[in-house]
Amino acid sequence: MQRATSRHVTQTLRNVLHAHWCLGSCPSHLFQPVCRRSHLLLSEQDGSRIPKIRNSAMVSARLLTSGQVVYPAQMRSPLPDLDIPVVSFAEFILPRCDQFKDKVAVSDHLTGRKYTYHDLKKYAIRVASALHRQGFRKGDVITPFTINLPEFSILVLAAACLGVIVAPANPAFKASELSYILTNSGTCAIFTIPQLMPEGQDVVYTFGHEEPGCKFFNTLMEDDGKAFPENVDVDPVRDILVLPFSSGTTGMPKGVMLSHYNVVVNIT
């Protein structure tokens, strides 16, 4: 490792300060599954100066030039840690639906269709009950392949209640891109609109209106809710709620496994 120029040292110092300020402003326990800190090394291997990140569980950060420590950094936000409950997404959202029951949760600007938090909970329970009757169980994967709709929120909350994984697909996907997502996620059902109806799929639910050979989402919302499972064992940290796929900038898209706890942390 050769001596780095002062310009590279200055830039890397800025990177260290920025990274540690970001980490320091978040609850420390959020980073237990990954590294708390990182070591930044300046490398000139093969004639290229590229800052390289080497993860470490050590609570320290060091900038190394010529093998010597020149700058230790440890910074932390003065604000207290957030109190984030370790609960499933449904356990986090449903009580808040009772708390804000008369407020509008989701709406469609074009049609004026809207659902209050009371409606959101009511229909999520009905949809979960209907899907449970139809054989959906914890660990199953469904794919919403649709434009923005208020019913999307109902579907996601219903899936969370069942322990079902949601693997959304971009409505702009071509047939080959959609097929890739469906195959790699192990999807057992698609929820879409008639205009985006995919071919060759066994289980398809449609939003908006009924289509021949498909199941209508509104019929799920008319369920009596009596088959709603009360005893689904969801591990907030280990069980996956959402499985979005990356953009595939450096290769084919990869599924990103977000647990219930990941999502709860994001919205707390």
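Look up a bit, the structure's there.
The structure displayed is predicted, hence computed values, not measured ones.

> What is the right way to read the pattern of salt bridges from this model?
Should the charged atoms of two oppositely charged side chains come close, the side chains can pair. If you walk through the whole model with that rule in mind, you get 7 salt bridges. The partner of Lys121 in a salt bridge is Asp98, with the nearest N and O atoms 2.9 Å apart. Of the two residues, Lys121 is situated in helix 3 (residues 117–133) and Asp98 in helix 2 (residues 89–99); the sequence distance between them amounts to 23 residues. For the salt bridge of Arg113 with Asp108, the shortest nitrogen-to-oxygen distance reads 3.7 Å. Overall, the relative accessible area of 16% leaves Asp108 in the buried class. Put simply, Asp108, Arg113 and Glu151 are held in one network by salt bridges that share partners.

> Which parts of the structure should I look at to understand the nonpolar core?
The nonpolar side chains of a soluble globular protein tend to be buried with one another. Formed by 44 residues in total, the largest nonpolar core has its most connected members in Leu131, Ile142, Phe191 and Phe217. Residue assignment for this core shows that the elements contributing at least two residues are helix 2, helix 3, helix 4 (150–162), strand 9 (189–192), helix 6 (217–221), strand 12 (240–242) and helix 7 (260–267). Broken down by element, this core gets its largest block of residues, 9 residues, from helix 4. Apart from the residues lying within four places of it in its own chain, the contact partners of Phe191 are Leu131, Ile142, Thr143, Pro144, Phe145, Thr146, Leu155, Tyr205, Phe207, Phe217 and Leu220.

> Looking at this model, I keep getting lost on the packing of helix 3 against helix 4. Mind explaining?
How two helices pack is summed up by the angle between their axes together with the distance between the axes. Relative to each other, helix 3 and helix 4 sit at 55°, their axes nearing to 8 Å. With respect to their mutual orientation, helix 3 and helix 4 come out oblique. Crossing geometry of helix 3 relative to helix 4 is assigned as right-handed. When helix 3 is examined against helix 4, the residues Leu120, Tyr123, Ala124, Val127, Ala128, Leu131 and His132 are found in contact with a partner set consisting of Ser153, Ile154, Leu155, Leu157, Ala158, Cys161 and Leu162. Looking at the contact of helix 3 with helix 4 residue by residue, the classes come out as 12 nonpolar, 2 polar and no charged.

> Is there a simple way to explain the environment of Ala90 in this structure?
On the secondary structure map, Ala90 appears in helix 2. Between the C-alpha atoms of Ala90 and Ala124, which are 34 residues apart in sequence, the distance is 9.9 Å. Excluding residues within four positions of it along the chain, Ala90 makes contact with Pro95, Leu157, Ala160 and Cys161.

> Explain the environment of Phe228 here, please?
Turning to its location among the elements, Phe228 is positioned in the loop between helix 6 and strand 12. For the pair Phe228 and Ala128, spaced 100 residues apart in the sequence, the C-alpha separation amounts to 6.0 Å. Apart from the residues within four sequence positions on either side, Phe228 is in contact with Ile125, Ala128, Ser129 and Cys161.

> For this particular structure, what's the right way to read the side chain of Ser88?
As for its placement among the helices and strands, Ser88 is situated in the loop between strand 4 (68–72) and helix 2. The class for Ser88 is buried, based on a relative accessible area of 5%. In contact with Ser88, other than residues within four places in its own chain, are Val234, Pro236, His260 and Val264.

> Would you mind going over the pairing of strand 5 (residues 104–107) with me for this structure?
The two faces of the sheet receive side chains in turn, since in a regular strand these alternate between them. Where strand 5 lies against strand 6 (residues 114–116), 3 bridges are found, and the strand directions are antiparallel. Within the sheet, the bridge partner assigned to Val104 lies in strand 6 and is Thr116.

> I keep staring at helix 5 (residues 175–185) and nothing clicks. Help me out?
Note on helix geometry: an α-helix contains 3.6 residues per turn, so any two residues three or four positions apart are oriented the same way. All of the buried residues along helix 5 are Leu178, Ile181, Leu182 and Ser185. Looking down the long axis of helix 5, one finds its buried residues gathered within 95° of arc, a one-sided arrangement. Every exposed residue of helix 5 that faces more than 90 degrees away from the buried side is listed here: Ser176 and Thr183. Buried residues along helix 5 sit against strand 7 (141–145) and strand 9. At the exit of helix 5 stands Gly186, carrying a positive phi of roughly 75°.

> Quick question: what am I supposed to make of the environment of Asp202 here?
Looking at the element boundaries, Asp202 is found in the loop between strand 9 and strand 10 (204–206). With a relative accessible area of 78%, Asp202 lands in the exposed category. Each C-alpha atom, one on Asp202 and one on Cys188, is 8.3 Å from the other, the two residues being 14 residues apart in sequence.

> Whenever I open this one, the side chain of Asp239 confuses me. Can you help?
Looking at the secondary structure, you find Asp239 in the loop between helix 6 and strand 12. Separated by 2.6 Å, the side chain of Asp239 and the backbone nitrogen of Asp235 make a polar contact. Among residues more than four places away in sequence, those in contact with Asp239 are Lys138, Asp233, Val234, Ser259 and His260.

Definitions and cut-offs
Residues numbered from 1 in each chain as written. Predicted model: local features only at pLDDT ≥ 70, side-chain atom pairs only at ≥ 80, totals over all residues. Heavy atoms only, no water. Salt bridge = Lys/Arg side-chain N within 4 Å of Asp/Glu carboxyl O. Helix = DSSP H or I, 4+ residues; strand = E, 2+ residues; numbered from the N terminus. Buried < 20%, exposed > 50% of the residue type's maximum accessible area, 1.4 Å probe, protein only. Core = buried A, V, L, I, M, F, W, Y, C linked by side-chain atoms within 4.5 Å. Contact = heavy atoms within 4.5 Å. Axes fitted to C-alpha atoms, helices over the stretch in contact; angles between N-to-C directions. Parallel < 35°, antiparallel > 145°, perpendicular 65-115°, else oblique. Left-handed = near helix turned anticlockwise from the far one by under 90°. Nonpolar A, V, L, I, M, F, W, Y, C, P; charged D, E, K, R; others polar. Pairing = 2+ DSSP bridges. Arc of directions from axis to C-beta. Polar contact = N/O pair within 3.5 Å; in protein donor to acceptor, adjacent residues only side chain to side chain.

Read these as spatial facts, not as claims about activity.
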